[in-house]
Amino acid sequence: MTGIRYPQGETVHVPKPTVRPEKTRDANDGWQQLAMELRRAVNKIAAGKNLQKLWIWKENNRRAAEHAARATQASSSSTPAENLHFSPLSSLESLLSTVQTHGHPSEEPTRSTPSARDFVTAFTDFSPNSLKTVANFFSGVTGTKRATPDTAPESPTSAAARRRKLNSTAREEVREPGALYLPKDIHPEIMRLADAKAYVPLHLFTTAARRVLFHSGNLPMTDDKKGSLLDTSAAVFGTPEEQMSEAEWRDAVPFYSEFIAQTGDVDWSERWLEHFAFFMTTCDMSEDNWIPHRNAELTLRRSYRINPFTFTRELYAEEVRVQKEKIREEKEKLRDEKEKAWQKRMEEMSKKSVPRAPSSGPSGPPSSFRAGDPSRDICLICGRKGHRISNCTNSTFENGKATLCILVEGRYLQARDGRRICSGWNIVGSGGKKPCRHPATVLHLCSFCLSADHHSFAFRCLSRPSD
């Protein structure tokens, strides 16, 4: 009760408005609403039939009154039509149908069961709200509409309180100015790879790759039989593990070791600690030594996934030796291929750009490789005229001294002590139109005296052959 004081000094107590509690719904509300709607439909059908019966009763009374009036006029009876009484069979009470109510009548009224057609016709008389209630109920039963939740709608006050709990400063930590923040945990996508028993490469654990994982909003994914997994071969993660530098490798190993500790038992973790410790203690940071160690580590780590084996230092040292031998063979093969390509270019260049020596006198450098008539060519091995270097069979010069060079594999000019000699430079000297592009192991030495002061066709150490 609240009091209101009027100017006259009287206080009138006004009752507080009644707050109606919010209705709660239970599982039987739908069935109760449907029963009420069906009861209303039956009542409408019965009311329609009662109206029809009432009209028939009135029509029968009218006809009976007319018949009685005509009979009175024809007969001598003086009984007026108003005093006629009909049997109870024609009364209104016998024609009307009633519907059961919440009360308890003394006599059970007669009920008529409505047909399917009457039931459908009754729906046409439903109000819009009634039709919506029935439609929502049947939609919920058949599953065509999502059921309304039983909980009451959330008030604005409770919604605001719930949102204030979504974020807080409880997880904040102190970060130094300029420090790069990266979580110390393993990224969930990497753990999903482990759960799917997929291969997890080492380059995913470098600082650059972890920065992409934790700070990128759109990670590259690939479709797999076990679902969508992280695309470990994407270029966004940086240098692949086959090409990692030693600095990148050492940066990734601690986080990879933590990943191993979380995906295996203690023995498994200790086994891989010994694996990485072997390479960390035997590699000396030089490029020539790092590449075979990196290849050996990658080979052993991948082969363990297919066929696990016990760690032994002898096995690892042998794998490093094998990798060093492979690299040495690959380097030699590559060097030979470069020399062959360079020699071929020099031969083609000498055929196109170097003129032959004229018969009257040497106005230009003679050729030792030119195709055609070899009678004008001068050999770079023996210094004689009349044959090419590829056809030389002489072991001495014309003055009787021993030659200093030989032809290797029919193409390369080589000193007898094993040094490779540039044949193109010996023909044209340092004044050629194109500089030499051969490896540093091919030397600019005179093929006649092995001096670096002049080329062969300068003929400073040997007499020019006569025509």
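Just so it is clear, the model here is predicted, and its values are computed rather than measured.

A.B. asks: Sorry if this is basic, but what is going on with the state of the cysteines here?
C.D. replies: A covalent bond between the sulfur atoms of two cysteines is referred to as a disulfide. Inspection of every chain in the model, using the stated rule, returns 0 disulfides. Cysteine Cys379 shares no disulfide, and the gap to the nearest cysteine sulfur, in Cys392, comes to 3.6 Å. Note on Cys379: relative accessible area 0%, which makes it buried. Not part of a disulfide, Cys382 finds its nearest cysteine sulfur in Cys392, a span of 3.8 Å.

A.B. asks: Hey, could you run me through the side chain of His187 in this one?
C.D. replies: On the secondary structure map, His187 appears in the loop between helix 5 (156-164) and helix 6 (188-195). Among the polar contacts made by the side chain of His187, one reaches the main-chain carbonyl oxygen of Leu213 at a distance of 3.1 Å. Apart from the residues lying within four places of it in its own chain, the contact partners of His187 are Leu213, Phe214 and Leu219.

A.B. asks: Would you take a moment to explain the nonpolar core for this structure?
C.D. replies: Note that soluble globular proteins tend to have their nonpolar side chains buried in a common cluster. Grouped together as the largest cluster of nonpolar side chains are 34 residues, with contacts concentrated most on Ile190, Leu204, Phe205, Phe237, Trp249, Phe259 and Phe279. At the level of elements, helix 6, helix 7 (207-215), strand 4 (227-230), helix 8 (246-262), helix 9 (266-282), helix 10 (287-306) and helix 11 (313-353) are the ones that each hand at least two residues to this core. Considering every element that reaches this core, the biggest residue donor is helix 8, with 6 residues. If we skip the residues at most four places from it in the chain, Phe205 touches Ile186, Ile190, Val200, Arg210, Asp251, Ala252, Phe255, Tyr256 and Phe259. With 18 residues, the next largest nonpolar core counts Cys382, Phe397, Leu413 and Phe459 among its residues.

A.B. asks: Quick question: what am I supposed to make of the pattern of salt bridges here?
C.D. replies: Two side chains carrying opposite charge are able to pair once their charged atoms lie near each other. Under the defined criterion, the tally for this structure stands at 15 salt bridges. The partner of Glu189 in a salt bridge is Arg192, with the nearest N and O atoms 2.9 Å apart. With Glu189 and Arg192 both in helix 6, this residue pair falls 3 residues apart, about one helical turn. For Arg192, a relative accessible area of 33% corresponds to the partly exposed category. In this structure, Glu332 engages Arg328 in a salt bridge whose closest nitrogen and oxygen atoms are separated by 2.7 Å. Of this pair, Glu332 and Arg328 both sit in helix 11, 4 residues apart, roughly one helical turn. The partly exposed category is assigned to Glu332, whose relative accessible area is 32%. It is possible to trace a salt-bridge network through shared partners that takes in Glu241, Glu242, Glu297, Arg301 and Arg302.

A.B. asks: Looking at this structure, how should I read the packing of aromatic side chains?
C.D. replies: A ring pair, where both rings are aromatic, is described by two values, the distance of the centres and the angle of the planes. Using the criterion set out here, one finds 18 aromatic pairs in the structure. Relative to Trp272, the ring of Trp268 lies with its centre 6.0 Å away and its plane at 65°, an arrangement referred to as edge-to-face. Taken together, the residues span about one helical turn, with Trp268 and Trp272 both in helix 9 at a distance of 4 residues. For Trp268, a relative accessible area of 30% puts it in the partly exposed group. Assessed through its relative accessible area of 5%, Trp272 is described here as buried. Both rings, one in Phe311 and one in Tyr316, keep their centres 4.7 Å apart while their planes meet at 70°; by these two values the pair is edge-to-face. Across the pair, exposure class does not vary: Phe311 and Tyr316 are buried alike.

A.B. asks: So what exactly am I meant to see when it comes to the confidence of the model for the protein chain here?
C.D. replies: Atomic detail in the predicted coordinates should be set aside for any region of low pLDDT. Of all residues in the protein chain, 68% have pLDDT values of 70 or greater, and the mean over the chain is 75. Between residues 77-109, whose pLDDT stays under 50, and residues either more than four places distant or in other chains, the model counts 24 contacts. Here residues 353-367 is modelled with pLDDT under 50, and outside its nearest four sequence neighbours on either side it reaches 34 contacts, counting other chains as well.

A.B. asks: Whenever I open this one, the packing of helix 8 against helix 9 confuses me. Can you help?
C.D. replies: Relative placement of two packed helices is described by the angle separating their axes and the distance separating the axes. Here helix 8 crosses helix 9 at 170°, and the two axes come no closer than 9 Å. By the angle class used here, helix 8 and helix 9 are roughly antiparallel. Where helix 8 abuts helix 9, its residues Trp249, Arg250, Val253, Tyr256, Ser257, Ile260 and Ala261 lie against Trp268, Ser269, Trp272, Leu273, Phe276, Phe279 and Met280. Grouping the constituent residues of the contact of helix 8 with helix 9 by class yields 11 nonpolar, 2 polar and 1 charged.

A.B. asks: What's the story with the environment of His187 in this structure? I'm lost.
C.D. replies: A relative accessible area of 11% means that His187 is categorised as buried. In this structure the C-alpha to C-alpha distance between His187 and Arg210, which are 23 residues apart in sequence, comes to 8.0 Å. Here Glu189 takes part through its backbone nitrogen, which lies 3.1 Å from a polar atom of the side chain of His187.

A.B. asks: How should the pairing of strand 6 (residues 412-415) be read in this particular structure?
C.D. replies: If a strand is regular, its side chains alternate between the two faces of the sheet. Side chains Tyr412 and Gln414 of strand 6 all project onto a buried face; the interleaved residues Leu413 and Ala415 project onto the opposite face, where all are buried too. One ladder, built from 4 bridges, connects strand 5 (residues 405-408) with strand 6; its direction is antiparallel. Across the sheet, residue Ile406 finds its bridge partner in strand 6, namely Gln414. A loop of 3 residues connects strand 5 with strand 6, the two strands running antiparallel in sequence, and Glu409 in this loop sits at a positive phi of about 55°.

A.B. asks: Honestly, unusual backbone geometry in this entry has me stumped. Any pointers?
C.D. replies: Excluding glycine, a negative phi dihedral is what most residues carry, and trans is how most peptide bonds are arranged. For Lys197, which is not glycine, the phi dihedral falls at a positive 60°. Among the secondary structure elements, Lys197 is positioned in the loop between helix 6 and helix 7. At Leu450, a residue that is not glycine, the phi angle is positive and equals roughly 60°. Locating Leu450 in the fold gives a position in the segment after strand 8 (442-443).

Conventions and cut-offs
- Residues numbered from 1 in each chain as written.
- Predicted model: local features only at pLDDT ≥ 70, side-chain atom pairs only at ≥ 80, totals over all residues.
- Heavy atoms only, no water.
- Disulfide = S-S within 2.5 Å.
- Buried < 20%, exposed > 50% of the residue type's maximum accessible area, 1.4 Å probe, protein only.
- Helix = DSSP H or I, 4+ residues; strand = E, 2+ residues; numbered from the N terminus.
- Polar contact = N/O pair within 3.5 Å; in protein donor to acceptor, adjacent residues only side chain to side chain.
- Contact = heavy atoms within 4.5 Å.
- Core = buried A, V, L, I, M, F, W, Y, C linked by side-chain atoms within 4.5 Å.
- Salt bridge = Lys/Arg side-chain N within 4 Å of Asp/Glu carboxyl O.
- Phe/Tyr/Trp six-rings, centres within 6.5 Å; stacked < 30°, edge-to-face > 60°.
- pLDDT = per-residue confidence, 0-100.
- Axes fitted to C-alpha atoms, helices over the stretch in contact; angles between N-to-C directions.
- Parallel < 35°, antiparallel > 145°, perpendicular 65-115°, else oblique.
- Nonpolar A, V, L, I, M, F, W, Y, C, P; charged D, E, K, R; others polar.
- Pairing = 2+ DSSP bridges.

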